[in-house]
Amino acid sequence: MKQLLTLTACALLTITAFCQRGKDVPEFGKIDKADLEMTTCEFDQDAEAMMLFEVGELYCTISSAGVNFDIDKHVRLKILKDKGKEWADVRIRYIGYKNDESIKNLAAQTYNLDENGNIMTTKVEKKLVYQKKVNKYMNEMVFTFPDVKVGSVLEFKYTQTNTGIVNWYFQRRIPVQYSRYKIDMPREIELYASPVCMLPYERKKDSRGTRDIQVYSMKNIPALRNEPYISCDDDYRQRLEVRPLAINPPSQPRISLVKDWKKVIKDLMDHEDFGVQLKRNIPRTDDLEAALKTVTDPYQRMVLVHDYVRNNMQWNEIEGIYAQDGIRAAWKDRKGTTGEINMILVNLLKDAGLDCKPLLVSTRENGRVNTGIAETRQFNKVMAHVTINDKVYVLDATDKYTPARLIPYDVMFSEGLIINKLENYDWGWTVIWDEKQRFRDIVLLRAELNDAGVLKGEAVVNSYDYSRIKRMPLLKKSREEFKNTYFTSSMPGLQLEDFSLQNEAVDSLPLVQKMNFTLPVNASGDYKYFSVNLFTGMEKNPFVADNRFSDVFFGANQLYSFVSSITIPDGYVFDALPQNIRMLMPDTSITITRIFAADKKQVSARITLEFKKPFYSIEEYPEFKEFYKKLFDLLNEQIVIRKETNP
């Protein structure tokens, strides 16, 4: 868009650059003592920090060099608790490719009160502000505020030049007292500005001379904290979406700036770091060549190539769809970006005779793709899309834990853009989803309860598919942390012995976790009571909040089976046993079946829990929350035993 605006600049030179600064926030350096004396956020008592204000002003200037968009930003925030001091570390990311954007006029300082109640100001020294190259395309300006303590107020401002038109986020991970975005444009530039807000906002429009001004603001915005099973924060933050639509030069035809996917894909396929790379040949190594000669089955050839690339290529932790240094260099160095590694994968799969195409995706962390907006910046990965006998496989060679038979979890239940033919830019959308691929756990438990009220026995947890994949990164990081996260932290008093694992290195098999355990149960007088909901990972209901900003996103279907057998001590009898029951969500998307059977000294239980839907909207949340309450009441219902009385 910047290039097109430059071409039309000559037609707009009669436009006078104009920018009216907002006066509803204090000037930089003018601090109110009351802000320093503040100890809590009035509308969010649990906040560790808060934005006192965050304002941005996007404005356009016209010169003989073209049309340019800059944004001034001014931020002031308050530290309320020790945890909030992490906000003293600031990273401002911008496009550094060919010096496209820059950060100018940075000023930052910390305010504190001394012992006598005087305001003390400490500036961030310029020598402590660093420019950091993130990758070929992105840079960061990095600095840390000095003398930060609980009670400090931090303030900074800067200008980001040549930004293009950007969205504005009113909501943060901490509460925001006031947020404002001002858009100051020549009338000849036609914009689309749409608030995506559930909370009240204010909009003002004005015309001054040859310019149109729009101001959007919000007050007392609660923090968007990490709600359970949220897909991507940015999809749910209160925000303003802004896009260029057209340029209307004086006495000239309207120039549309709205892109279509056909043109975007053509430009992408002509791009040196994408389309040109996909057409390059990657030489097979001798060992890969030899291995492929022994395999004729298409599926096994796919698995072989996929395993070879993910086992021999190291990800440099740089995401993106582009091959920043070229796929041949990455193949030689055995290290590269996600774009480079997966373009190597696509190349080798095609070379192995497979029907493989590049697939542009946005991972769950990156947010949803809006198919109606033709912009490649929505995508943060390219993956391999393989079709064998009408069955589709989606492969990511940077994912060390997902086998070829499973869709990578971070794109499951999303849409991807598939490039069918590199030569003529043929493309299309595809839904990335397989209802048969799911989270699946089977828990087997056998134990005895002794007279002292201690449950002692053996548990075996079999984690399949996405359940296995979810557990593997933490297991590789720390075995002790793994045990604590999945077992001991959720069951106070639990002691594990002889903890062992099977199939840790075989991703085609379930991860088997075996352990001996002891666990004290609750007791009151002659009664003891306990639940069979042990080692399931479902001991605590995550959906207890009355309100929610985000949809509930599990990402895949789920199936769990819990089988238990518990022997009670001599001298005790069953006093109360949970009933056999089957309960369904009103839309039948969740089903729980519970069956109990008992003789004099032993109780057996089988619980099956199935989710046939990976997503619940905000509108469905009240009904979903109510069902989940009943679900966890069933899971945690107690078995009660009592001492026998003498006849």
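Treat the numbers as computed from the prediction; the structure is a model and nothing was measured.

Conventions adopted
- Residues numbered from 1 in each chain as written.
- Predicted model: local features only at pLDDT ≥ 70, side-chain atom pairs only at ≥ 80, totals over all residues.
- Heavy atoms only, no water.
- Axes fitted to C-alpha atoms, helices over the stretch in contact; angles between N-to-C directions.
- Helix = DSSP H or I, 4+ residues; strand = E, 2+ residues; numbered from the N terminus.
- Parallel < 35°, antiparallel > 145°, perpendicular 65-115°, else oblique.
- Contact = heavy atoms within 4.5 Å.
- Nonpolar A, V, L, I, M, F, W, Y, C, P; charged D, E, K, R; others polar.
- Polar contact = N/O pair within 3.5 Å; in protein donor to acceptor, adjacent residues only side chain to side chain.
- Buried < 20%, exposed > 50% of the residue type's maximum accessible area, 1.4 Å probe, protein only.
- Arc of directions from axis to C-beta.
- pLDDT = per-residue confidence, 0-100.
- Salt bridge = Lys/Arg side-chain N within 4 Å of Asp/Glu carboxyl O.
- Pairing = 2+ DSSP bridges.
- Phe/Tyr/Trp six-rings, centres within 6.5 Å; stacked < 30°, edge-to-face > 60°.
- Lys NZ or Arg CZ within 6 Å of the ring centre and 35° of its normal.
- Left-handed = near helix turned anticlockwise from the far one by under 90°.
- Bend = angle between axes of the 7 residues up to and from the residue.

Participant: Before we go on, may I ask you to explain the packing of helix α9 (residues 465-477) against helix α10 (residues 479-486) in this structure?
Facilitator: Two measures define how a pair of helices packs: the angle their axes make with one another and the distance between the axes. Remark: α9 packs on α10, axes separated minimally by 6 Å, with the N-to-C direction vectors making an angle of 135°. Relative to α10, α9 is oriented oblique. Contact with α9, carried on its side by K470, R471, L474, L475 and K477, involves R479, E481, F482, T485 and Y486 of α10 and no other residues of that element. Its residues assigned to classes, the contact of α9 with α10 shows 4 nonpolar, 1 polar and 5 charged.

Participant: Would you mind showing me how to read the side chain of Q324 here?
Facilitator: Mapped onto the fold, Q324 is located in the loop between β16 (314-315) and α7 (327-333). Within the structure, the side chain of Q324 is placed 2.8 Å from the backbone nitrogen of K136, a separation counted as a polar contact. In this view, Q324 contacts N135, K136, Y137, I318, T337 and E340; residues no more than four positions away in its chain are not counted.

Participant: Teacher, can you tell me more about helix α3 (residues 261-269) here?
Facilitator: Since there are 3.6 residues in each turn of an α-helix, residues three or four apart along the chain are aligned in direction. Considered for burial, the residues of α3 that qualify are W261, V264, I265, L268 and M269. What you see down the axis of α3 is that its buried residues fit within an arc of 130°, all on one side. The inward-facing, buried residues of α3 contact α4 (275-278), β18 (355-361), β21 (414-421) and β22 (426-432). Two to three positions downstream of the cap, the backbone nitrogen of K262 sits 3.0 Å from a side-chain oxygen, assigning the N-cap of α3 to D260.

Participant: Just checking my understanding: could you explain the confidence of the model for the chain for this structure?
Facilitator: One rule of thumb: low pLDDT means the predicted coordinates there are not for detailed reading. Mean pLDDT for the chain: 92, with 95% of residues reaching 70 or above. Note on residues 1-22: pLDDT under 50 across the span, and 67 contacts to partners over four residues away in sequence or across chains.

Participant: Is there a simple way to think about the pattern of salt bridges in this case?
Facilitator: Between side chains of opposite charge, a pair can form when the charged atoms approach closely. For the structure on display, the rule yields 42 salt bridges. Residue K136 pairs with D273 through a salt bridge whose shortest N-O separation is 2.8 Å. Taken as a pair, K136 in the loop between β6 (130-133) and β7 (138-144) and D273 in the loop between α3 and α4 lie far apart in primary sequence, 137 residues in all. With its nearest N and O atoms 2.8 Å apart, the salt bridge here joins R284 to D351. With a gap of 67 residues between them, R284 in the loop between α4 and α5 (286-293) and D351 in helix α8 (residues 338-351) connect regions that are remote in the sequence. By sharing partners, the salt bridges in this structure join E54, K73 and R172 into a single network.

Participant: Before we go on, may I ask you to explain the sheet that holds β7 in this structure?
Facilitator: The strands making up a sheet associate through hydrogen bonds between their backbones, and the pairing can be parallel or antiparallel. The 3 strands lie next to each other as β3-β7-β6, forming an open sheet whose pairing is antiparallel. The sheet is open, and its two edges are formed by β3 (89-95) and β6, each paired on a single side. Ignoring which end each strand starts from, the neighbouring axes of this sheet average 25° apart. With 7 bridges joining them, β3 and β7 adopt antiparallel strand pairing. From the neighbouring strand, V90 faces β7, where its bridge partner is F143.

Participant: Would you take a moment to explain the sheet that holds strand β25 (residues 495-502) for this structure?
Facilitator: Pairing is mixed across the open sheet formed by 8 strands, whose spatial order is β25-β26-β24-β23-β30-β34-β33-β32. If you trace the sheet from one side to the other, it starts and ends with β25 and β32 (581-584), each paired once. Here the strands of the sheet are splayed against their neighbours by 10° on average, with no regard to which way each runs. Pairing between β25 and strand β26 (residues 511-520): 6 bridges, direction antiparallel. Considered in β26, the bridge of L496 is made with F517. In this fold α10 packs onto β25 and β26, with an angle of close to 115° to the strand it touches most, β25.

Participant: What's the story with the packing of aromatic side chains in this structure? I'm lost.
Facilitator: Aromatic ring pairs are reported here in terms of the distance separating the ring centres and the angle at which the planes meet. Scanning all chains against the criterion turns up 40 aromatic pairs. Ring centres of Y299 and Y393 lie 5.5 Å apart, and the angle between their planes is 50°; this geometry places the pair in the tilted category. Of the two residues, Y299 is situated in helix α6 (residues 298-312) and Y393 in strand β20 (residues 391-395); the sequence distance between them amounts to 94 residues. Arranged with centres 6.3 Å apart and planes meeting at 75°, the rings of F482 and F487 form a pair that is edge-to-face. Residue F487 is classed as buried on the basis of its relative accessible area, which comes to 0%. A cation sits over an aromatic face here: R364 above Y409, 4.5 Å from the ring centre. In this structure, R440 packs its charged tip against the face of Y464, placed 4.3 Å from the ring centre.

Participant: Quick question: what am I supposed to make of the packing of α6 against α8 here?
Facilitator: The N-to-C vectors of α6 and α8 enclose an angle of 150°; their axes lie 10 Å apart at closest approach. Looking at the two axes, α6 sits roughly antiparallel to α8. The hand of the α6/α8 crossing is right-handed. Facing M302, V305, H306 and V309 of α6, the residues of α8 in contact are I341, L345, L348 and L349.

Participant: Would you take a moment to explain the pairing of strand β8 (residues 153-161) for this structure?
Facilitator: Regular strands place side chains that alternate from one sheet face to the opposite one. The element β8 is extensively covered by neighbouring structure, given that 8 of its 9 residues are classed as buried. Pairing between strand β4 (residues 102-113) and β8: 8 bridges, direction antiparallel. Across the sheet, S102 pairs through a bridge with T161, a residue of β8.

Participant: When you look at α9 in this model, what are you seeing that I'm missing?
Facilitator: Most pronounced at R471, the bend in α9 amounts to some 30°, and the proline P473 follows within four residues. Among the residues of α9, D465, Y466, S467, R468, I469, R471, M472, L474 and L475 are the ones counted as buried. Residues of α9 that are buried make contact with β23 (438-449), β24 (454-464), α10, β25, β26 and β30 (557-567).

Participant: I keep staring at unusual backbone geometry and nothing clicks. Help me out?
Facilitator: Working note: non-glycine residues mostly have negative phi, and peptide bonds are mostly trans. The residue N105 is not glycine, and still its phi comes out positive at about 60°. Looking at the element boundaries, N105 is found in strand β4. Among the residues examined, N105 registers a relative accessible area of 60% and is labelled exposed. Despite not being glycine, E317 has its phi angle at roughly 70°, a positive value.

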